[in-house]
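Remarks on the overall topology
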Amino acid sequence: MGKVAAAIDGGFATQLTQHVGDLVDGDPLWSARFNATNPKAVKAVHEDFLAAGAELIRTNTYQASVDGYMKHLGLSKEDAVRLIAEAVKLAHEARDDFQRKHPEGAKVKIFGSIGPYGACLADGSEYSGNYMATTAHSTIRQWHKERISIIVEAGVDGLAIETLPSAREGEILLDLMQQEFPDVKFWISFQCPNGTETAAGDNYSETVRKIWQIVQEDEKLRQNFLAIGVNCSHPDSVASLFAHLNDPQQVPADKKIPLIAYPNSGEMYDVVEKKWISSRAGRPLESYIEEWIALGARYVGGCCRNYASNIRRIRETLDNLPETILASNN
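Described below are features of the structure shown in this document.

**A closer look at the overall build of the chain**
- Along the chain, the regular secondary structure elements total 14 helices and 10 strands.
- Against the 2.2 N^0.38 benchmark of 20 Å for 330 residues, the chain shows a C-alpha radius of gyration of 18 Å, consistent with a compact globule.
- With respect to the principal axes defined by its C-alpha atoms, the chain has extents near 55 × 45 × 40 Å.
- For the chain, with 330 residues in total, the buried portion stands at 54%.
- Taking contacts inside the chain between residues at least 6 apart in sequence as the whole, the part at least 24 apart equals 77%.
- Carbon and sulfur atoms form 48% of the exposed surface of the chain, whose accessible area is close to 13900 Å².
- Taking the average location of the 34 positive side-chain charges in the chain and that of its 44 negative ones, the two points are 3 Å from each other.

**Thoughts on the packing of aromatic side chains**
- Scanning the entire structure with this criterion turns up 10 aromatic pairs.
- Ring geometry for Phe-111 and Trp-187: centres 5.1 Å apart, planes at 25 degrees, overall stacked. Taken together, the positions of Phe-111 in strand 3 (residues 109-114) and Trp-187 in strand 5 (residues 186-190) put the pair 76 residues apart, joining distant regions of the chain. Here Phe-111 matches Trp-187 in class, with each residue buried.
- Here the aromatic rings of Phe-190 and Tyr-204 are separated by 6.4 Å at their centres, their planes lie at 90 degrees, and the arrangement is edge-to-face. Here Phe-190, found in strand 5, pairs with Tyr-204, found in helix 9 (residues 204-216); they are 14 residues apart in sequence, far enough to count as distant.
- Ring pairs connect the aromatic residues Phe-111, Trp-187, Tyr-262 and Tyr-299, which therefore count as one cluster.

**A short note on helix 7 (residues 137-154)**
- A rise of 1.5 Å per residue sets the reference length of helix 7, with its 18 residues, at 26 Å; its end C-alpha atoms lie 26 Å apart and thus fit the reference within 8%.
- Residues Ile-140, Trp-143, His-144, Arg-147, Ile-148, Ile-150 and Ile-151 constitute the buried set of helix 7. In an axial view of helix 7, the angular spread of the buried residues amounts to 155 degrees, which keeps them on one side of the axis. More than 90 degrees from the buried face of helix 7, the exposed residues found are Ser-138 and Glu-153.

**As for the side chain of Thr-135**
- For Thr-135, the location among the structural elements is in the loop between helix 6 (117-121) and helix 7.
- Look at Thr-135 and you get buried, because its relative accessible area is 16%.
- Those residues in contact with Thr-135, other than ones at most four positions away along the chain, are Tyr-117 and Ile-140.

Each value, and the rule that gives it
In this convention, every chain numbers its residues from 1, walking through the sequence in written order. Predicted model: local features are reported for residues with pLDDT of at least 70 only, side-chain atom pairs are reported and counted for 80 or more only, and whole-chain, interface and lining totals are derived from all residues. Computation of side-chain values covers all heavy atoms of the structure but excludes hydrogens and water. A run of H or I in DSSP counts as a helix once it spans at least four residues, and a run of E counts as a strand once it spans at least two, with each numbered from the N terminus. Atoms counted for the radius of gyration: C-alpha only. Globule rule: 2.2 Å times residue count to the power 0.38. Categorising residues by exposure relies on relative accessible area from a 1.4 Å probe, with only protein chains included: less than 20% of the type maximum marks a residue as buried, more than 50% marks it as exposed, and the intermediate range marks it as partly exposed. Contacts are assigned to residue pairs with any non-hydrogen atoms lying within 4.5 Å of each other. Accessible surface is estimated by sampling points in the Shrake-Rupley manner with a 1.4 Å probe; for residues, cover comes only from the protein chains shown. Positive charge is attributed to Lys and Arg, negative charge to Asp and Glu, and no charge count is given to His or to the chain ends. By convention, the charge on Lys lies at NZ, on Arg at CZ, on Asp at CG and on Glu at CD. Two rings from Phe, Tyr or Trp (for Trp, the six-membered ring) form a pair when their centres are within 6.5 Å of each other. A pair whose planes differ by under 30 degrees is stacked, one over 60 is edge-to-face, and the rest are tilted. Here the expected length of a helix is defined as 1.5 Å per residue gap, with one fewer gap than residues. It is the directions from the helix axis to the C-beta atoms whose arc is reported.

Keep in mind these values describe shape, not function.
Now the structure itself:
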């Protein structure tokens, strides 16, 4: 995108509450239900983030799947496929409308949101990854392949493979991208409960380095792999997770791992009560941006409980970064 770091959007379900009220959390389809019940609100959320300065927006498909729509909305398979594709179309409509009004701006990217297999279980297991021990990896791979195929065919600039709890699911998806979608750009982002490990307990640094090594060994992957990072985690943990990945004493400037960070607000989600426990981070999200970029972040934004207003402040922060930060990340 030509800048030291690009601003991505924030928490889709969070911003959606500004249009539909307290109807999102606790639903087994989460925000994905509204692709069917209130597509105008879905489009409005995209518009909110675009107006806030997001250079990349994600489709409302994090928790959308063919089997999920068939189970919870009673749709046929054909209609479930169509609904996922229509979610992508809503992002296109929002972007097209925005860019007609702002033709001077750079073209906004649309990425398909690809949540973990655990999201479809609607039991909070994307925050533990415990399903990896009880579900065949071939099942997980096929589940991802089906909806990625729909989203890619509907037309996106890339995929946001996000909130993965385990290294193994990341490796499954990396192999899937390599074998089945070799021309599609993407990033991979993990959910981490602290500054050292993934939700499933994998060492984060080892996980990132292993994936990066696989990428480096394949020319197509090198061309299409945009970043690896962390999302839906406490913002205080990001710097610790990134700290040693691009150590200038060990990693040459041209070998830096491109990173992405879009944490939540610092609040905790109670998977039993299915609600957020209000305890935001002590610092505003935008105050972390310089540090993350200095560590190698190429994309920054917000996840759960971060509204369009938070993304606006991130955009403003990026626009006013000091020259020393810009130089350090080039």
